[in-house]
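Single-letter residue listing:
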Amino acid sequence: LVTARDIASATQTLLADSVVESLAGCSSLELCLAVAMSRVHRFRGMPRFNFNHVENELRTMAANDFLGDAGRAKSAVLLRAFENLLAMGVCEAPGGGGEGSLGGG
């Protein structure tokens, strides 16, 4: 039986997650890129990926769903949003490899 206390505890745990906290202040484009990174990692089976992988996944998502301006963003704008996610620790770039990894660790 799930109680109100269980839900409150789960909510606190979720909100304590540093990635969730980082995503709370993201733009819609950054959120779409985070979803694209998750899809590359989970559905495509790529624990390591680079910006081009993420951009391609976002374009695939845009072809299948209406993503608004996020789906039409130019590569330079996407790259800037990707860099912001790196700076927030949502993903990380191993030294010199140019590839990202979801979740900052």
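Higher on the page you've got the structure.
Because the structure is a prediction, the values reported are computed rather than measured.

Formed by 20 residues in total, the largest nonpolar core has its most connected members in L33, M37, V54, L58, L78, F82 and L85. Where this core is concerned, the elements lending two or more residues are α3 (28–42), α4 (51–64) and α6 (75–88). Here the element with the most residues in this core is α3; it accounts for six residues. When sequence neighbours within four positions are dropped, the list of residues in contact with F82 reads L33, M37, F51, V54 and C91.

Residues separated by three or four positions in an α-helix point in the same direction, a consequence of the helix having 3.6 residues per turn. Given a rise of 1.5 Å per residue, 14 residues ought to cover 20 Å, and the 20 Å separating the end C-alpha atoms of α6 matches this to within 8%. Among the residues making up α6, those that are buried are L78, A81, F82 and L85. Down the axis, α6 shows its buried residues gathered within 105° of arc, on one side only. Residues of α6 that are exposed and point more than 90 degrees away from the buried face comprise A76, R80 and A87. The positive-phi residue at the C-terminal boundary of α6 is G89, with phi of around 85°.

Parameters at a glance
Residues numbered from 1 in each chain as written. Predicted model: local features only at pLDDT ≥ 70, side-chain atom pairs only at ≥ 80, totals over all residues. Heavy atoms only, no water. Core = buried A, V, L, I, M, F, W, Y, C linked by side-chain atoms within 4.5 Å. Buried < 20%, exposed > 50% of the residue type's maximum accessible area, 1.4 Å probe, protein only. Helix = DSSP H or I, 4+ residues; strand = E, 2+ residues; numbered from the N terminus. Contact = heavy atoms within 4.5 Å. Expected span 1.5 Å × (residues − 1). Arc of directions from axis to C-beta.

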